[in-house]
Each structure stands twice: as C-alpha cells, then as structure tokens.
There are 2 protein chains.
Amino acid sequence: MAWEDRRGVYNFNPGPAALPEEVLRRAQEELPSYGGGGLSVLEMSHRSKAYDEIQARAELGLRRLLGIPDSHRVLFLQGGASLQFAMVPLNFIPEGGAAGYVVTGSWAEKAYQEADKVGCRAVVAASTKEEGYRRIPSWTEVQADAAWAYVHITTNNTIVGSQWQDLRHSLSIPLVADMSSDICSRPVRVEDFHLIYAGAQKNIGPAGVTVVIVREDWLAQAEEIAKARKLPTMLRYAVHAKNDSRYNTPPVFAVYLVALVAEWTLEQGGLTAMEARNREKAALVYGAIDESDGFYQGVIDPPSRSWMNATFRIADAEVKKRFLEEAKEQGFIGLNGHRSVGGIRVSMYNAVPVEACAKLRTFMDDFRRRYR
Amino acid sequence: MAWEDRRGVYNFNPGPAALPEEVLRRAQEELPSYGGGGLSVLEMSHRSKAYDEIQARAELGLRRLLGIPDSHRVLFLQGGASLQFAMVPLNFIPEGGAAGYVVTGSWAEKAYQEADKVGCRAVVAASTKEEGYRRIPSWTEVQADAAWAYVHITTNNTIVGSQWQDLRHSLSIPLVADMSSDICSRPVRVEDFHLIYAGAQKNIGPAGVTVVIVREDWLAQAEEIAKARKLPTMLRYAVHAKNDSRYNTPPVFAVYLVALVAEWTLEQGGLTAMEARNREKAALVYGAIDESDGFYQGVIDPPSRSWMNATFRIADAEVKKRFLEEAKEQGFIGLNGHRSVGGIRVSMYNAVPVEACAKLRTFMDDFRRRYR
Ligand SMILES: Cc1ncc(COP(=O)(O)O)c(C=O)c1O
Ligand SMILES: Cc1ncc(COP(=O)(O)O)c(C=O)c1O
Ligand SMILES: [Mg+2]
Ligand SMILES: [Mg+2]
Ligand SMILES: [Mg+2]
Ligand SMILES: [Mg+2]
C-alpha cells in the first residue's frame, strides 16, 4: 500500500510543501464521491450546491483561523503570488501615483521589480539588501510617504530564511503583505492590513490557488484604477469580489483542499497552537545550529530568524555535499537551499510534524560529531 | 464505500466535467505516494525529478494524442480560458494593429469583447449572432484582412451547442482557436493553428490548468509586443515558454491529472477512437431529439451541431421543469441549460461513457411518450 511508502520520509519541501496526513487521508477517501453525491470534487460544477458548500467551508475556515473581520473579503484566485506582484500595483496605484516596498529578500525584490515592470512607480521604503538580507528592518526604518498608495512587505522571506516578528505598525497608509510562506503559522491582526495574499502551497493547501484577503472599502478605488488602465478582467480584484471568486471556473479541487487544511488547523487548536508548535520545531533546528560551535552557520541574525524556513551553511563544500547526501539517504527531503543562494534550508511549515524536526535535529547533531 | 455512491449517477456537467473512472481510481491509489517516493503529488516540489517526469508525461501524452509537431510548444498555465481571452491580443496584436474574431456564441463574443476591453483593436470577421448563433459560418464567410495579427475562432460553442465541423482553412494569416470544450474529442491538424488554448476542465483534466499550444516561431514577436506593453510577467507567453511552464509554481496536481487523462485517452485508441465514440454518443442524444416529432426542439442547425454539448428546448415550461426534475431523480446530473440561455444541455465530453448517453436516450424517449 502506498501509505507505507511514506514511513521514514520527512518532507521539508519549500513549496509545494507537506500537507497534513489527516487531510490526505480524507481527500483520498472522498475522492470518488463528495458528500455522498456520487461525484468527485474533481468533476464537480463550480455552480453546484456542493461546490457552494466547499468554497464556503474554505472561506469560513480561514475567517475563523485568522479572525478575518467582516470589513475584509476573501478571494480564491489563480496565478500564484507572482501574479499578485502585478495585480497589487496595477489595481491600487493610480496613474501618476507610487507605492513603497520594503525589500527584505528575493521575493520582496521581485514584487518591487514587477511593480516597476508593469509601469507603476515603486519606491524602496527600506531595504536590507546591502546587508545580504540578514535581518528584517524595524518599523522606524520604514520611510513611508503619505502620498503612497500603500507599503508592501513580505512577512516571511522563504529563500533567505527571515521573518517579520513584529507586525504591529503605525503606518497611516495602507499596508499590503505577501504572506505566502507564513500565513496561518501564527495569530495575526488582519485588520492592520488592507490586503494580504498568499499562494496556498506552503501553509494552507496545494499549488494552484492563491488566497487574497482585502478590505472591501478599498475595492471601489481598485475598480476605477483597473478600468482606467484597461486591465484584463481576470486581473481586477473588484470583478472577482463581485462574482464571489467565480467570474470564471475556479480551481475547485485546490479550494477544497484549502477547506480541509483550514479545518485541520482549527482542530489542532488554531493559530495559537500552531505558533507554539512552530516555535518548538524552530527551536529544535536552530538549537542544532547554535549548539554546533560554528559547524552549522546560521544565515540570519537571530532576532529576524524565520520559524518557517531555517537556513544555514556548512563551510566546507565537500562536507556540505556529504550532509545533503546522507540526509537524503535518511529520508529527509527538500533540504537544498534555493538555487539562487545555495546552502541548506529547512522548510517546516504547519503540516511538518514536530517529530520530523526532532529526527532532523538528531541527524544534525550526529552528523556534526562525525564530520567536525 | 464512496465508489458505490457513483452507481446510477450520470455526470453530464458542462465543466468542470466527468473524468474517466480509471483516472480517478489511479489518482486515488497514488494519492499518498507517487512512484513509490513517499510523497503525494499534492506536496511535491515543482523542481523535483518526480514532477519533471509528471509534466513530461502530460506534454508527451498531448503531443501523441494531437500529433503536435516540433514547431509547437506546449504550455501549462493558470487562469482558465478567460485569461487567454486577454493574453492572446495583448501578446500578439502590436500597437496600432488589429485582429479578427469569428463570433459564433457567448464565449466567442467574450473573447472578442475582452480584446477590446484591454485596448486592442478587434474586428468581427464573421458572426452568426443575428441568427441566434444557430449555425457555424463557412470559411468563405470569414472576411480576413491580410494586415490582421490573427483570426480567432471558438471550435465548440459550449453554451449554444454548436461546433466547427470543417477546420481546414485557407487563411494566409495566423489562426488562433479556443478549443476549451472540444480539444482531444477528434483528430485535428495542429499545424494549421498558430495557437490553441483550452481550459482543461472539460476533455483533458480538472479545473485549474490551461493548456496552450503555440508555434514557437511566433513567440519572438510576442516577446517584443509584451515588453512594449509592459505586460505582467505572468501574462507573457515567451516567459512561460522559456521557463518550461515553471516561471512560478505550477498547479502540479492538475498537470498530473492531465497526464493521466491523456494516457487514458491514448489507451482508448486515441482521437480516432474518441471521434467514433463521440459520434455514437451524439447520435443517441440527437436521435432522441430528431425522432421526437418536435417534442424536443434542437437549438442548432443540424450541420453545425456539437458532439460535445447537445442543446434542445421543450416548448411547455411546466413540462420542461418536470423533465429536469425527473432527470435529476434518475441520476442525470448537469442537464440545465446555461443560465444565460435556459433550455436543456447535454454535455457529453470524452469521459462520459456511451452507456450514460444510452440511458439518457431511453429516459428521453420514455419521458416524451408520457408527456407529449
Ligand atoms: C514569499 C513568497 N512570495 C512569492 C512566491 C512566489 O509564489 P508563486 O510560485 O505562487 O507565484 C513565493 C514562492 O515560493 C514565496 O515564498
Ligand atoms: C469555449 C469556452 N471558452 C472559454 C470558457 C471559459 O473558461 P474558464 O472558465 O476556464 O475561464 C469556457 C467555459 O466553459 C468555454 O466553454
Ligand atoms: Mg526570500
Ligand atoms: Mg482543480
Ligand atoms: Mg457558447
Ligand atoms: Mg495542485
């Protein structure tokens, strides 16, 4: 049986990433027939009652988890976070306007560059690029101009391995956040953001659906700006909001999995429980780094470290190669650092069990003793 | 067991639509672990060897089925056919240029309108709107201007229920086709098209992935035009082609299902076998209409009828209501006509078995006898 193949396999993929085993079991069981209706979710009309229920479950699950207030809409879109990099400026920066970007890693920089690429004025509001992205700036370093349409941040920098710890800001202009790699990993005050977006494939589902949480009273502006720019219909937030994310055929199966993952997360105790678990997992991996006497070299300054993606280096290239080989032999998957930076990256999103991090810690300690 | 729920259920959904039962069984079996690797396709990196294989299987399956020549690239995108409505003109109509649209139904009209909406010049090359879309025009009716970037057609009109029977054209300018609702339903000469697109959710997979087949030598132009227009990166065909459909995270599970469906279709005997089966299915349903002495009124002129979506009306509104109620009770799903046109629509894509159409025919004959 295929389930047995999974024993001894530890999925540290950076995204698409591990899903909770309970969710996979449920998806498998329900695959031929959802709710006794005799149809798979994969072959279900997006205008059917069954799918109405599925999308409502996904939305409600996210609303409960994140405490999303009624002031904010929840949209399920396609195109990944990469399409959001273009949609955000095109919908919210009016002709002649500008927006500020806090550049804390490669994805943050891509968001900044895309705004420029599509002809909008993007300004660096703060950047730690010169410091090799080793830290997250403090809010006092963020130079916001009152005339900007918004400030954009990336709450977790998936590649370099840093994360905003303090999201309480006092900006007087709208805040937009790419939360692709840490949404639902800890409690967050959604009311402090005008727009949050996240590709689902790390913490809340499979690849193929993008969650957007947006203040409804911001959409009227977006509609005007989108019209003036002659934006494609599919790139207009106001259209998706008006059509309840069904202007065209949504990725129904991916939305179904978001529902299952959100419900699983609630059953685990919600985001407070997730935060505790994620701290525990991060403590295991960072412990192995910090107690290695420099054998494992953490990339990020400790106060800015991510609980989702821990990054480190091993000085000797041969030893590093050996580390990745042995790790692979022992069932640890996905530890190679991103091709743009090298090194080692441990992605431990919500669905990665504490046990996997404990096993990895044991391996890291053992490896260090043998190779130091 | 959930499989039993499916007995006596006949899925005539217009899209997302029926998938072959063999494909669903395979997807269920492999859900926990693909290829013995201990990971679900749902949690697999798009940069992994396993996913390289999956995407290659999907592409090869489509190449074999459709006989796609080396001159054409195969891309797996997001956003549905609706995003293609914008991408096609934005990438291929240069500043100051124009393109022609053959308007044969609501989707064809939407494609035409979207080109205009995004600021491109779209011209009607032929239209049967005045005739209630009851027929497909002949090629001699298509007025193509040599200066146009392309002519756009919709090979199957999902809502009204008409289909191009003769795709052999003698246009001297590029032909672009929306094949969302009849791709892979019959053999087609791909070399006669510069670009073909299709949302997967009818004949080739689940919702959430869009297949684009495009002549490679046309992409250099698209790159220039996209750059001049400052198009979002995600809307540039050349970018997706250069990155082998992995500029960003693709919908991996949806692509996997395209691979399974393409392989299933090959096993059934490929597109010649599909055509024969689809003719047989269509003959059953249209037979019920044509032998009903006007009780069932076909919407489309017989030479333009679709093998994929058969549409008809029942004159008496009460009887029509009763028809839909009884059909539902007997397990026939998805027969309501599109909300924009009403009536009855039988969507019988590749995965709908002949048996389902035979059962429906029996029901239609019986119902007519009782209610005429
Ligand atoms: C923080 C962040 N933003 C954006 C992206 C790009 O996401 P997608 O592949 O969904 O476009 C990623 C992908 O890893 C990410 O981690
Ligand atoms: C012929 C045709 N074109 C386009 C579309 C729109 O497709 P999507 O929902 O994938 O955007 C449809 C949907 O049914 C269709 O049948
Ligand atoms: Mg990064
Ligand atoms: Mg889907
Ligand atoms: Mg139509
Ligand atoms: Mg997927």
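In the annotation of an unreviewed UniProt entry, the entry for chain A reads Phosphoserine aminotransferase, and the organism field reads Alicyclobacillus macrosporangiidus. UniProt, in its Pathway (unreviewed entry) section for chain A, records the words "Amino-acid biosynthesis; L-serine biosynthesis; L-serine from 3-phospho-D-glycerate: step 2/3." Regarding chain A, the relevant UniProt record gives this comment under Subcellular location (unreviewed entry): "Cytoplasm".

Peer 1: What is the right way to read the pattern of salt bridges from this model?
Peer 2: Where charged atoms of side chains with opposite charge meet at close range, the side chains can pair. What the rule picks out here adds up to 58 salt bridges over all chains. Put simply, lysine 129 of chain B and glutamate 109 of chain B hold a salt bridge, and the shortest N to O gap is 2.6 Å. Note that lysine 129 of chain B is positioned in the loop between β4 (121-127) and β5 (151-154) and glutamate 109 of chain B in helix α5 (residues 106-117), a separation of 20 residues in sequence. Looking at glutamate 109 of chain B, the relative accessible area reads 18%, which means it is buried. Linking glutamate 131 of chain B and arginine 135 of chain B is a salt bridge whose minimum nitrogen-to-oxygen distance equals 2.6 Å. Under the relative-accessibility criterion, glutamate 131 of chain B is labelled partly exposed at 33%. Residue classification places arginine 135 of chain B among the partly exposed residues on the basis of a relative accessible area of 22%. A cluster of three or more residues bridged by salt bridges with shared partners is formed by Lys321, Arg322, Glu325, Glu326, Asp366 and Arg370 of chain A.

Peer 1: Please explain the relation of the copies chain A and chain B as it appears in this structure.
Peer 2: In this arrangement, two copies of a chain are superimposed by a rotation about an axis accompanied by a shift along the axis. Between the two copies, chain A and chain B, the superposition gives an RMSD of 0.0 Å; the rotation angle is 180° and the shift along the axis is 0.0 Å. Here the transformation between the copies is reduced to the relation of a two-fold axis. Both copies share a contact surface, since 100% of the interface residues of chain A are interface residues in chain B too.

Peer 1: So what exactly am I meant to see when it comes to the sheet that holds strand β10 (residues 210-215) of chain B here?
Peer 2: Within a beta sheet, neighbouring strands are joined by backbone hydrogen bonds and run either parallel or antiparallel to one another. Residues and elements named next belong to chain B. An order of β2-β10-β9-β8-β5-β3-β4 is seen for the seven strands of this open sheet, with the pairing classed as mixed. Of all strands in the sheet, those bounded by a partner on one side alone are β2 (72-77) and β4. Between one strand and the next, the sheet's axes are offset by a mean angle of 20°, whatever the strand orientation. Bridge count between strand β9 (residues 195-199) and β10: five bridges; the pairing is antiparallel. By the bridge assignment for β10, glycine 199 is matched with threonine 210. Strand contacts of helix α4 (residues 80-92): β2, β3 (98-103), β8 (175-178), β9 and β10, with the helix running at about 155° to β9, the strand carrying the most contacts. Contacting β3, β4, β5 and β9, α5 runs over the sheet at an angle of about 160° to β3.

Peer 1: What exactly am I supposed to notice about the UniProt feature "binding site: pyridoxal 5'-phosphate" (unreviewed entry) in chain A here?
Peer 2: Residue and element names in this part refer to chain A. Mapped onto the present numbering, the UniProt feature "binding site: pyridoxal 5'-phosphate" (unreviewed entry) falls on Ala81, Ser82, Trp107, Thr158, Asp178, Gln201, Asn248 and Thr249. The greatest C-alpha distance among the residues just named is 30.8 Å, and with 169 residues of sequence between them they are spread in space as well. Within the element layout of this structure, tryptophan 107 appears in helix α5 (residues 106-117). Beyond its immediate sequence surroundings of up to four residues, tryptophan 107 is in contact with Phe85, Thr158 and Ile159. A relative accessible area of 5% means that threonine 158 is categorised as buried. Those residues within four positions of threonine 158 in sequence are excluded, and the remaining contacts are Pro14, Trp107, Ser181, Lys202, Asn309, Arg345 and Tyr349. Engagement of the side chain of threonine 158 in a polar contact is seen with the side chain of serine 181, the distance being 2.8 Å.

Peer 1: Please explain the sheet that holds strand β12 (residues 309-314) of chain B as it appears in this structure.
Peer 2: Residues and elements named next belong to chain B. Sheet architecture is open: three strands sit in the order β11-β12-β14, paired in antiparallel fashion. Across the chains shown, the open sheet's two edge strands, defined by having one partner strand only, are β11 (296-298) and β14 (344-347). Ignoring which end each strand starts from, the neighbouring axes of this sheet average 35° apart. Strand direction decides the pairing type here: β11 and β12, joined by three bridges, are antiparallel. The residue of β12 that forms the bridge with tyrosine 296 is isoleucine 314. Relative to the sheet, helix α9 (residues 270-290) contacts β11, β12 and β14, its axis offset from that of β12 by approximately 20°. Contacts from helix α10 (residues 317-329) reach β11, β12 and β14, with the element oriented near 135° to β12.

Peer 1: Whenever I open this one, the UniProt feature "binding site: L-glutamate" (unreviewed entry) in chain A confuses me. Can you help?
Peer 2: Mapped onto the present numbering, the UniProt feature "binding site: L-glutamate" (unreviewed entry) falls on Arg47 of chain A. Along the chain, the position of arginine 47 of chain A falls in the loop between α2 (21-30) and α3 (49-66). Filtering out sequence-adjacent residues up to four positions away, arginine 47 of chain A remains in contact with Arg246 and Tyr247 of chain A together with Arg339 of chain B.

Peer 1: What's the story with a positive patch on the surface in this structure? I'm lost.
Peer 2: Taken together, the side chains of Arg47 and Lys227 of chain A together with Lys110, Lys117 and Arg339 of chain B define a basic patch exposed on the protein surface. By the element assignment, lysine 117 of chain B lies in helix α5.

Peer 1: Explain the site of ligand 1 here, please?
Peer 2: Lining the immediate surroundings of ligand 1 are 15 residues, of which Ser82, Thr158, Asp178 and Lys202 of chain A together with Thr249 of chain B lie closest. Nearby residues around ligand 1 are contributed by chains A and B. Threonine 158 of chain A places a polar side-chain atom, nitrogen or oxygen, 2.4 Å from an oxygen atom of ligand 1. Interatomic distance of 2.6 Å between a side-chain N/O atom of aspartate 178 of chain A and a nitrogen atom of ligand 1. Summarising the interface, the protein chains cover 96% of the accessible area of ligand 1, which totals 400 Å² for the free molecule. The greatest single-element share of the shell around ligand 1, amounting to four residues, is contributed by helix α4 (residues 80-92) of chain A.

Conventions we followed
Residues numbered from 1 in each chain as written. Chains lettered and ligands numbered in written order. Predicted model: local features only at pLDDT ≥ 70, side-chain atom pairs only at ≥ 80, totals over all residues. Heavy atoms only, no water. UniProt positions renumbered as here; feature names shortened; annotations may be inferred. Salt bridge = Lys/Arg side-chain N within 4 Å of Asp/Glu carboxyl O. Helix = DSSP H or I, 4+ residues; strand = E, 2+ residues; numbered from the N terminus. Buried < 20%, exposed > 50% of the residue type's maximum accessible area, 1.4 Å probe, protein only. Least-squares fit on C-alpha atoms with pLDDT ≥ 70 in both. Contact = heavy atoms within 4.5 Å. Pairing = 2+ DSSP bridges. Axes fitted to C-alpha atoms, helices over the stretch in contact; angles between N-to-C directions. Polar contact = N/O pair within 3.5 Å; in protein donor to acceptor, adjacent residues only side chain to side chain. Patch = residues over 30% accessible without salt bridge, like charges linked within 9 Å, V, L, I, M, F, W, Y side chains within 5 Å. Areas by Shrake-Rupley, 256 points an atom, 1.4 Å probe, with all protein chains shown as cover. Lys, Arg positive; Asp, Glu negative; His and termini not counted. Charge placed at Lys NZ, Arg CZ, Asp CG, Glu CD. Near = heavy atom within 4 Å.

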